[in-house]
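Each chain, letter by letter, is given below.
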Amino acid sequence: MDILKQKFQAKAFALFKANKDMLKEHGDLAIDKVSIRQMFGGMRGMKSMVWETSELDAYEGIRFRGYSIRQLRKALPKAEGCKEPLPEGLFWLMLVGDIPTDREVKWLSEEWKKRSSVPDHTFKMLDSLPATTHPMTQFSAAILSMQTESVFAKRYAEGISKQDYWDAYYEDTMNLVACLPRVAAYIYRRTYFNNEHIAPNPDLDWGANFAHMLGVSDNPDFMSLMRLYLTIHADHEGGNASAHTTHLVGSTLSDPYYSLSGGMNALAGPLHGLANQEVIKWILNMVEDLGTDTPTSDQITDYINKTLAEGKVIPGYGHAVLRQPDPRYMAQRVFAEDYISDDPIVKIVWKLFDIVPPLLQDLGKVKNPWPNVDAHSGALLMHYGLKDFSFYTVLFGVSRAMGVLASGVWSRALGMPLERPKSLTSLAIKNFIEKETTATKE
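Bear in mind that the values here come from a model prediction, so they are computed numbers and not experimental data.

Observations regarding the pairing of strand β4 (residues 61–64)
- Bridging between strand β3 (residues 54–57) and β4 involves 4 bridges; their strand directions are antiparallel. Residue pairing for β4: D57 is matched across the bridge by G61.
- Connecting β3 to the antiparallel partner β4 that follows it, the hairpin turn spans 3 residues.

Here you go:
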């Protein structure tokens, strides 16, 4: 270890221990109404943002403009012969707060087709990267490369009025969302299928065309799954990492391309969107370790205990906010019950639902032992042939773009300012505690 690293380690470990002791004794003490525990705990639960498109309730789950996942599956327009909602309808709802008509959704679908042309230099840039580059790295870079087309950047350079920021942001949002399935599918085919690309089908809606370009299944049920997947992953209020990052970058008046690229970098983290690939990887490792894809409940329980004994978490279980099973998990479970109830991996997912929560509750491991959205999605995707789970977060990103960009349009329309919270050093907090403690004694 070099001398700088060695010195840093000593300083950091000492401060880590000191802060841990300080939190244990004074964590509930508030500085300007914010507890020290919240400051050190990732600002968990602090109500400090305005986010128009969705709201997360600890017990009812995500609500888009007041509608639950279950309500949206019934209320949003659907493609002919499909039971799942069209994601275009959810985007419309998030942007204006109204359930769209079939005609309005058809208009939006056609509008996105018109705007879906991807710049040639984006494909060339992607082709210059090693095929082994992680799909999320490619996705973020591709979004950033399309910034050359930004309407907002062009109009801002020309001297756009503040009252018109939302208009330019809207145009960029529509163009960017329209292009994302083509970009994501291109990344998928170049990474896993030797650059054997599939041209868009102009007769298909946004989600179905994405499924078509991926080329993993010609089953119409897979198109239904994509519509559902893209709908339920679209937003999760503003405090989650990818949404907050997109909002923060956008608050500087960076255009949607800069903002979304930053948000996707946050989504790529193991504690956020990358969790969906961790779930299926853990299940597949269990299957390999046990030597069967039809394990008994006792075998699964033993494997869970082994995972916990190694100091690891059970991926897909527990959520920072939710205190009930994630409605997005339940929506995917209903889909699986309708279409693929005999799939062995799906059956394992369902067994985990019965085994993991009570086990975690007994151990006191987490406040919310229920499955989140990531606990089920991988099993569905694998069934239809999308087995390259390092790509799963890109699918998540295509969906999440709708919510964070729709919210960005609102932020510009409402004149939301540059986000600039105040920070304190550990020493400043220590001095505050000493001052408060002294005052109390006196």
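Focus on the packing of aromatic side chains
- Overall, the coordinates contain 17 aromatic pairs when judged by the stated rule.
- Taking 5.5 Å as the distance between ring centres and 55° as the angle between the ring planes, the aromatic pair formed by W282 and Y303 counts as tilted. Highlighted residues: W282 in helix α14 (residues 275–290) and Y303 in helix α15 (residues 297–309), separated in sequence by 21 residues.
- Judged by its relative accessible area of 10%, W282 is buried.
- Aromatic rings pair up to connect F152, Y156, Y165 and Y169 into one cluster.
- Directly above the aromatic system of F353 lies the positively charged group of R333, at a separation of 5.2 Å from the ring centroid.
- In this structure, R412 packs its charged tip against the face of Y169, placed 6.0 Å from the ring centre.

Focus on the environment of A153
- Its location among the elements puts A153 in helix α8 (residues 151–158).
- Residue classification places A153 among the partly exposed residues on the basis of a relative accessible area of 29%.

Things to note about unusual backbone geometry
- A positive phi angle, close to 50°, is found at N194, a residue other than glycine.
- The residue N194 is located in the loop between α9 (165–192) and α10 (206–214) in this model.
- Given a relative accessible area of 65%, N194 falls into the exposed group.
- Look at E237: it is not a glycine, yet its phi comes out positive at around 55°.
- With respect to the secondary-structure elements, E237 resides in the loop between α11 (220–232) and α12 (241–251).

Cut-offs used in this document
Sequence order as written defines the numbering, with residues in each chain counted from 1. Local features are withheld for residues below a pLDDT of 70 in this predicted model, meaning they are given only at 70 or higher, and side-chain atom pairs are given and counted only at 80 or more; totals for whole chains, interfaces and linings count all residues. Here the side-chain values reflect all heavy atoms present in the structure, with hydrogen atoms and water set aside. By definition, two strands form a pair when at least two bridges between them are found by DSSP. A run of DSSP states H or I qualifies as a helix once it reaches four residues; a run of E qualifies as a strand once it reaches two. Both are numbered from the N-terminal end. Centre distance within 6.5 Å is the pairing criterion for rings of Phe, Tyr and Trp, where only the six-membered ring of Trp is used; planes under 30 degrees apart are then read as stacked, over 60 as edge-to-face, and the remainder as tilted. For each residue, the accessible area found with a 1.4 Å probe, counting protein chains only, is set against the maximum for its type, and the residue is called buried under 20%, exposed over 50%, and partly exposed in between. Working rule: Lys NZ or Arg CZ, within 6 Å of ring centre, within 35 degrees of ring normal, means a charge sits over the ring.

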